[in-house]
Amino acid sequence: MTATEFNDLIEENFNGLFDFVEDYKGKGGKTTDEFLKENNLVFVENNDVETYDSYGNEDSTLERIYLHQPSGNYFMVYGTRQSYSGTEWDGIKEVNKTEKTITVWT
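Okay, so let's go over this structure.

What counts, and at which threshold
Residues numbered from 1 in each chain as written. Predicted model: local features only at pLDDT ≥ 70, side-chain atom pairs only at ≥ 80, totals over all residues. Heavy atoms only, no water. Helix = DSSP H or I, 4+ residues; strand = E, 2+ residues; numbered from the N terminus. Buried < 20%, exposed > 50% of the residue type's maximum accessible area, 1.4 Å probe, protein only. Contact = heavy atoms within 4.5 Å. Core = buried A, V, L, I, M, F, W, Y, C linked by side-chain atoms within 4.5 Å. Pairing = 2+ DSSP bridges.

The next thing to look at is the environment of T87. Along the chain, T87 turns up in strand β4 (residues 86-95). The partly exposed category is assigned to T87, whose relative accessible area is 23%. With near-sequence residues (within four places) excluded, T87 lies in contact with F18, E22, L62, T80 and R81.

Printed below as a string of structure tokens:
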């Protein structure tokens, strides 16, 4: 599965990325969890970075990671949430898991 195929599946079954990620019922009445199971996808991680300015206004980066089990491909659904414009899910891209080791002196 590619990011484009994943996006097309979401568009076929939901009224856009927002409904998919926010777990609104899809066009056929299915939940996001049911859709994921049917398509061999697994939610892996919520990678959101929530930030606020000194006035308490939110300006966050949203990233949700999914795994397509048969292919082993990881996908990131990404967007933003801002106090003044709400939540917007911008797209899907294929990502790779990278691990790094850090040294900490205690």
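There's plenty left to go through after this.
Grouped together as the largest cluster of nonpolar side chains are 17 residues, with contacts concentrated most on F6, I10, F20, F35, V77 and I92. Top contributing element to this core by residue count: helix α1 (residues 3-13), with 4 residues. Excluding residues that lie within four positions of it along the chain, F6 makes contacts with M1, F20, F35, L41, Y66, F75, V77 and I92.

Pairing geometry for strand β2 (residues 59-68) and strand β3 (residues 73-82), over 10 bridges, is antiparallel. The residue bridging Y66 from the neighbouring strand is F75, located in β3. Here β2 folds back onto β3, and the loop between the two strands holds 4 residues, one of which, G72, carries a positive phi near 75°. With 9 bridges joining them, β3 and β4 adopt antiparallel strand pairing. Residue pairing across strands places R81 opposite T87, the latter belonging to β4. In textbook terms, the turn of a hairpin is the stretch between consecutive antiparallel strands, and for β3 and β4 this stretch comprises 3 residues.

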